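Coordinate analysis (summary)
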Amino acid sequence: MKVKKSFLATGGFSNNLGILGLGTKQFKLNKEEFIQALNLIDFLSQEKEYTVLINYMKKKWNLRKFV
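The structure contained in this document is the topic of the report that follows. Computed from a prediction, not measured in an experiment: that's the story for all the values here.

Digging into the packing of helix 1 (residues 31-45) against helix 2 (residues 50-61)
Interhelical geometry of helix 1 versus helix 2 gives an angle of 160° and a closest axis separation of 12 Å. As far as their axial angle goes, helix 2 and helix 1 are roughly antiparallel. Viewed along their axes, helix 1 and helix 2 form a crossing whose handedness is right-handed. On the side of helix 1, the interface is formed by Leu-40, Phe-43 and Leu-44, while helix 2 contributes Leu-53, Tyr-56 and Trp-61. Among the residues making up the contact of helix 1 with helix 2, the classes are represented as six nonpolar, no polar and no charged.

What follows is the structure, given as structure tokens:
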């Protein structure tokens, strides 16, 4: 089974503060968090096998006990 997250994301970065808008939510992020969020959005926007997503979460966030 292949899955893909579909959403609209907008954002910008200036004066050491990033603002990321996802749907009706807005987040203020520092530079490191902003880059990580953009990488995650890019990763989730690409179609992937379900097992690839689960393995990514296990590796990145140590979710072995939850999944």
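Description of the sheet that holds strand 4 (residues 25-29)
Overall, antiparallel pairing links the three strands, which are arranged 2-3-4 in an open sheet. Two strands close off the open sheet at either side, each with one partner strand: strand 2 (9-14) and strand 4. In this sheet, adjacent strand axes meet at a mean angle of 15° when their direction is disregarded. Alignment of strand 2 against strand 3 (residues 17-22), held across six bridges, turns out to be antiparallel. The partner of Ser-14 across the bridge, within strand 3, is Leu-17. Lying on the sheet, helix 1 is in contact with strand 2, strand 3 and strand 4; it crosses strand 3 at an angle near 30°.

Brief notes about helix 1
Taking 1.5 Å as the rise per residue, helix 1 with 15 residues should run 21 Å; its terminal C-alpha atoms sit 21 Å apart, in good agreement. By the burial criterion, the buried members of helix 1 are Phe-34, Ala-37, Ile-41 and Phe-43. At the N-terminal boundary of helix 1, the capping side chain belongs to Asn-30, with an oxygen 3.1 Å from the backbone nitrogen of Glu-32.

Let's talk about unusual backbone geometry
For Asn-15, which is not glycine, the phi dihedral falls at a positive 50°. Within the fold, Asn-15 resides in the loop between strand 2 and strand 3. The phi torsion at Asn-16 lies on the positive side, around 65°, for a residue other than glycine. Structurally, Asn-16 is set in the loop between strand 2 and strand 3.

Rules of the game
- Residues numbered from 1 in each chain as written.
- Predicted model: local features only at pLDDT ≥ 70, side-chain atom pairs only at ≥ 80, totals over all residues.
- Heavy atoms only, no water.
- Axes fitted to C-alpha atoms, helices over the stretch in contact; angles between N-to-C directions.
- Helix = DSSP H or I, 4+ residues; strand = E, 2+ residues; numbered from the N terminus.
- Parallel < 35°, antiparallel > 145°, perpendicular 65-115°, else oblique.
- Left-handed = near helix turned anticlockwise from the far one by under 90°.
- Contact = heavy atoms within 4.5 Å.
- Nonpolar A, V, L, I, M, F, W, Y, C, P; charged D, E, K, R; others polar.
- Pairing = 2+ DSSP bridges.
- Expected span 1.5 Å × (residues − 1).
- Buried < 20%, exposed > 50% of the residue type's maximum accessible area, 1.4 Å probe, protein only.
- Polar contact = N/O pair within 3.5 Å; in protein donor to acceptor, adjacent residues only side chain to side chain.

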